[in-house]
Amino acid sequence: MSDKTVVILPTYNEAETLPGMIDRLRAAAPEADLLVVDDSSPDGTGALADAISYADPAVHVLHRTLKQGLGPAYLAGFSWALRHEYDVVVQSDADGSHRPEDLPALLAASRDADLVIGSRWVSGGSAPGWAWQRLLLSRAGSAYAGIMLGLTQHDITGGYRVFRADALDRIIRAGISSKGYCFQIEMLDRAVAEGARVVEVPITFDVRGGGESKMSGRIIVEAMRQVTAWGFARLLHRRPTVFEEAPRERAHA
């Protein structure tokens, strides 16, 4: 029996890219269900997702009334997936930057792992079209988080991931406080702390298919400030400080 799988797509003003992303996901992984988690997008993404779901019973929509950031949107989707007893939970962007065509390889790796990270920074992975400044920021950010938190993975900030449901449940129960860019870092840190088997699979990270990136230098600075606080708290055996993050952040670095 194959695993019951769902792909979670958080959306905010993704009407331009969502239909194509859903078509590609359905073609790449036809056995998987999809869950669109929409934060009341002003551009009508939620209504568009509803229309798609009416035509395709494998597509589900979760509407949220407030825009609270990437972390809360994913956590809402995770809770929905666990309540509906999925075995495998995938997190992906809806803007086209995560290639659906890479998903079969991630799913195959999840048979022997608790968490699979779609990695840009292992052999075979790439981020074509990125400016050198963004490449430097992303790789430096992952390296810094790895040093401060003792993580050995290469792509610590990447958001294309596959979780086994039992491991995901343990991670969530351990407590996740981040709302924005640090969400990906904290989820990986908790996974490692919970003893999860983590593997990285190379992916190609495309330039987003439409809309505008929410990433900024200030968001990255906030994230590194948070990682620094976590790292020093761990060294000093103190309760970690949690800074308030900008809730609009949705991109990767």
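From a predicted model like this one, the values you see are computed outputs, not experimental measurements. (Residues numbered from 1 in each chain as written. Predicted model: local features only at pLDDT ≥ 70, side-chain atom pairs only at ≥ 80, totals over all residues. Heavy atoms only, no water.)

Re the nonpolar core
Going by this rule: By nonpolar core is meant a set of buried Ala, Val, Leu, Ile, Met, Phe, Trp, Tyr and Cys residues that side-chain atoms within 4.5 Å join together. Partly exposed residues are those whose accessible area sits between 20% and 50% of the maximum for their type, while under 20% is buried and over 50% is exposed, using a 1.4 Å probe and protein chains only. Only DSSP runs of H or I reaching four residues or more are called helices, and only runs of E reaching two or more are called strands; each is numbered from the N terminus. In this analysis, two residues are considered to be in contact whenever any of their non-hydrogen atoms come within 4.5 Å of each other.
Ranked by internal contacts, the top residues of the largest apolar core, which has 38 residues, are Phe78, Ile185, Met187 and Val227. Only β1 (5–11), β2 (33–38), α3 (70–83), β5 (115–119), α5 (132–149), α6 (165–174), α7 (182–193) and α8 (217–236) provide two or more residues apiece to this core. In contact with Phe78, not counting residues within four places along its chain, are Ile8, Val89, Gln91, Phe163, Leu168, Ile172, Phe183 and Met187. With 26 residues, the next largest nonpolar core counts Ala29, Leu34, Ala94 and Ile203 among its residues.

As for the side chain of Thr204
Looking at the secondary structure, you find Thr204 in the loop between β7 (198–202) and α8. Leave out the neighbours within four places in its chain, and Thr204 touches Ser97, Arg99, Asp102, Ser126 and Pro128.

Points about the sheet that holds β5
Condition: By this definition, two strands are paired if DSSP reports at least two bridges between them. Note on definitions: angles span 0 to 180 degrees between N-to-C directions of axes, and those axes are lines fitted to C-alpha atoms, for helices only across the stretch in contact.
A sheet is described by the order of its strands in space; here seven strands give the open sequence β3-β2-β1-β4-β6-β5-β7, paired in mixed fashion. Every other strand in the sheet has two partners, leaving β3 (59–63) and β7 as the edge strands with one partner each. The average undirected angle you get between the axes of adjacent strands in this sheet is 20°. Strand direction decides the pairing type here: β5 and β7, joined by five bridges, are parallel.

Some words on the confidence of the model for the protein chain
Test applied: pLDDT measures the predictor's confidence residue by residue and takes values from 0 up to 100.
For the protein chain, the average pLDDT comes to 89, and 88% of its residues sit at 70 or higher. Contacts for the low-pLDDT stretch residues 243–253, under 50 throughout, to residues beyond four places or in other chains number 57 contacts.

Remarks on unusual backbone geometry
With phi around 60°, Asn13 is a residue other than glycine that occupies positive phi space. Of note, Asn13 is situated in the loop between β1 and α1 (18–28). Residue Ser40 is not a glycine yet carries a positive backbone phi of 55°. Looking at where Ser40 falls in the secondary structure, it is placed in the loop between β2 and α2 (45–55).

Remarks on the pairing of strand β4 (residues 88–91)
Of the two faces of β4, both are covered, the one formed by Val88 and Val90 as well as the one formed by Val89 and Gln91. Relative to β4, β1 runs parallel, the two being bridged by four bridges. Residue Val6 lies in a different strand from β4, and its bridge partner there is Val89. In this structure, β4 lies alongside strand β6 (residues 161–164), joined through four bridges in antiparallel fashion. Looking at the pairing, Gln91 lines up with Arg161 of β6.

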